[in-house]
Amino acid sequence: MAGVHPYIKLLDAGADVIIGDAAAMRDLRRAGDPPRLPPALAYFYGKILECASFCAEPYAAKESVLGEITMDDVKVTALLPEQRCTIASVAGHAMYERANPFYEYFLGGHIDMRDCRYEQYDERTVRITGPRYVTAHELRVKLEGSGKIGERYVGIVGVRDPYTIAHIDEVIAWARGQAAEQLGPGGWELHFTVYGVTRSSAKWSR
């Protein structure tokens, strides 16, 4: 949530070692002193490498990939011999888990990936160019939290009796009544999903 700003400040102050959050460090856009890497490429680089070999195919959990970043492009190479980075796998990973697949937001701005170009650099490497950096007008931090509201139970019941199946609506209503009698009128929810039967008129049939 802190973004790259505190880390860049520490590096400017001469820090040799920084212990911090990996999610923030992934986007650290620095290469030498000077110059600094273009922020669009640096943020894109961090986003692609964050989940390791998720950007390669076939899927092989958390295997390793090698990233190379320059002032002009980003290259990503699969290191597991059975995997390869492809245009489809890298572009797909860049676009997933967001409401708009072309924008990656972070503290201080976002990258616009609408003009990204993905090229098959070699058999296992993809080269990416074209992301654009858009600075935010103000710094905003996303806060997430949760609180306990109760417990959840999932039960699966199989019914083979034809009479019960034919009257399953009445059986469910009876079960709801039993729950209300034991638990009281409120503070809980009960949901039924009926499987393996089809409706025939007002009754259920196998």
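One can find the structure itself at the top, above this paragraph.
To keep things clear, this report deals only with the structure shown in the data block. What you are looking at is a predicted structure, and each value in this text was computed from that prediction instead of being measured.

**Brief notes about the pairing of strand E2 (residues 74-78)**
Okay, step 1: Among the five residues in E2, four count as buried, and that is most of the element.
Okay, step 2: Across five bridges, strand E1 (residues 65-69) lies against E2 in antiparallel orientation. Looking at E2, one finds that Gly 67 is bridged to Val 76.
Okay, step 3: Hairpin remark: E1 followed by E2, antiparallel, with four residues in the connecting loop.
Okay, step 4: Alignment of E2 against strand E6 (residues 125-129), held across four bridges, turns out to be antiparallel.

**Considering the pattern of salt bridges**
Okay, step 1: Taken as a whole and judged by the stated rule, the model has ten salt bridges.
Okay, step 2: Close ionic contact of Arg 132 with Asp 112 constitutes a salt bridge, the shortest N to O distance being 2.6 Å. With Arg 132 in strand E7 (residues 132-135) and Asp 112 in strand E4 (residues 109-112), the pair connects residues that are 20 residues apart, well separated along the chain.
Okay, step 3: Judged by relative accessible area, which is 36%, Arg 132 ranks as partly exposed.
Okay, step 4: The exposure class assigned to Asp 112 is buried, which follows from its relative accessible area of 3%.
Okay, step 5: The partner of Lys 148 in a salt bridge is Glu 151, and the shortest N-O contact between them spans 2.9 Å.
Okay, step 6: Ionic contacts of the salt-bridge type, sharing partners, join the residues Asp 73, Lys 75, Arg 117, Glu 119 and Arg 127 into one network.

**Looking at the environment of Gly 187**
Okay, step 1: Looking at the element boundaries, Gly 187 is found in the loop between helix H6 (168-183) and strand E8 (198-200).
Okay, step 2: Linking Gly 187 and Ile 149, residues 38 residues apart in sequence, is a C-alpha distance of 9.9 Å.

**Regarding a nonpolar patch on the surface**
Okay, step 1: Taken together, Val 154, Ile 156 and Tyr 195 make up a surface patch of nonpolar side chains, about 400 Å² in accessible area.
Okay, step 2: With respect to the helices and strands, Ile 156 occurs in the loop between E7 and helix H5 (162-166).

**As for the sheet that holds E4**
Okay, step 1: Strand order in the open sheet formed by three strands is E3-E4-E7, with antiparallel pairing between adjacent strands. What marks the edges here is a single partner per strand, and that holds for strand E3 (103-106) and E7. Pairwise comparison of adjacent strand axes, ignoring direction, gives a mean angle of 20° for this sheet.
Okay, step 2: Helix H3 (residues 39-49) rests against E3, E4 and E7 of the sheet, and its axis sits at about 105° to E7.

**What about the packing of aromatic side chains?**
For any pair of aromatic rings, geometry is given as the distance between the ring centres together with the angle between the planes.
Okay, step 1: Tallied over the full model, the rule gives six aromatic pairs.
Okay, step 2: Each ring, one from Tyr 43 and one from Tyr 133, has its centre 6.0 Å from the other, and the planes form 5°; the classification is stacked. Here the residue Tyr 43 occupies a position in helix H3, and Tyr 133 occupies one in strand E7, the gap between them amounting to 90 residues.
Okay, step 3: With a relative accessible area of 28%, Tyr 133 lands in the partly exposed category.
Okay, step 4: Here Phe 44 and Tyr 118 contribute two aromatic rings whose centre-to-centre distance is 6.3 Å and whose plane-to-plane angle is 50°, an arrangement assigned as tilted. With Phe 44 in helix H3 and Tyr 118 in strand E5 (residues 117-122), this residue pair connects regions lying 74 residues apart in the sequence.
Okay, step 5: Among the aromatic residues, those joined into a cluster by ring pairs are Tyr 43, Phe 106 and Tyr 133.
Okay, step 6: Cation over ring: Lys 62 sits above Phe 54, and NZ or CZ is 5.1 Å from the ring centre.

Thresholds, definitions, all that
- Starting from 1, residues in each chain are numbered consecutively following that chain's sequence as written.
- Whole-chain, interface and lining totals are the exception, using all residues; otherwise, since this is a predicted model, local features are given only for residues with pLDDT of at least 70 and side-chain atom pairs are given and counted only at 80 or more.
- Hydrogens and waters are ignored; side-chain quantities use all the structure's heavy atoms.
- Burial classes: relative accessible area under 20% of the type maximum marks a residue as buried, over 50% as exposed, and values in between as partly exposed (1.4 Å probe, protein chains only).
- The helix count covers DSSP runs of H or I at least four residues long, the strand count covers runs of E at least two residues long, and both are numbered beginning at the N terminus.
- DSSP bridges decide pairing: two strands pair if at least two such bridges lie between them.
- Each salt bridge in this description consists of a side-chain nitrogen of Lys or Arg and a carboxyl oxygen of Asp or Glu lying within 4 Å of one another.
- Exposure above 30% relative accessible area and the lack of any salt bridge qualify a residue for a patch; like charges then connect within 9 Å, and the nonpolar side chains Val, Leu, Ile, Met, Phe, Trp and Tyr within 5 Å.
- Working definition of accessibility: Shrake-Rupley area with a 1.4 Å probe, residue cover restricted to the visible protein chains.
- Axis definition: a line fitted to C-alpha atoms, over the contacting stretch in the case of helices. Angles run 0 to 180 degrees between N-to-C directions.
- Whether two residues touch is decided by their heavy atoms; if any such pair falls within 4.5 Å, the residues are in contact.
- Ring pairs shown here join Phe, Tyr and Trp side chains whose ring centres sit within 6.5 Å, with only the six-membered ring taken for Trp; geometry is labelled stacked below 30 degrees between planes, edge-to-face above 60, and tilted in between.
- For a lysine, the NZ atom is tested; for an arginine, the CZ atom; a charge sits over a ring if that atom is within 6 Å of the ring centre and within 35 degrees of the ring normal.

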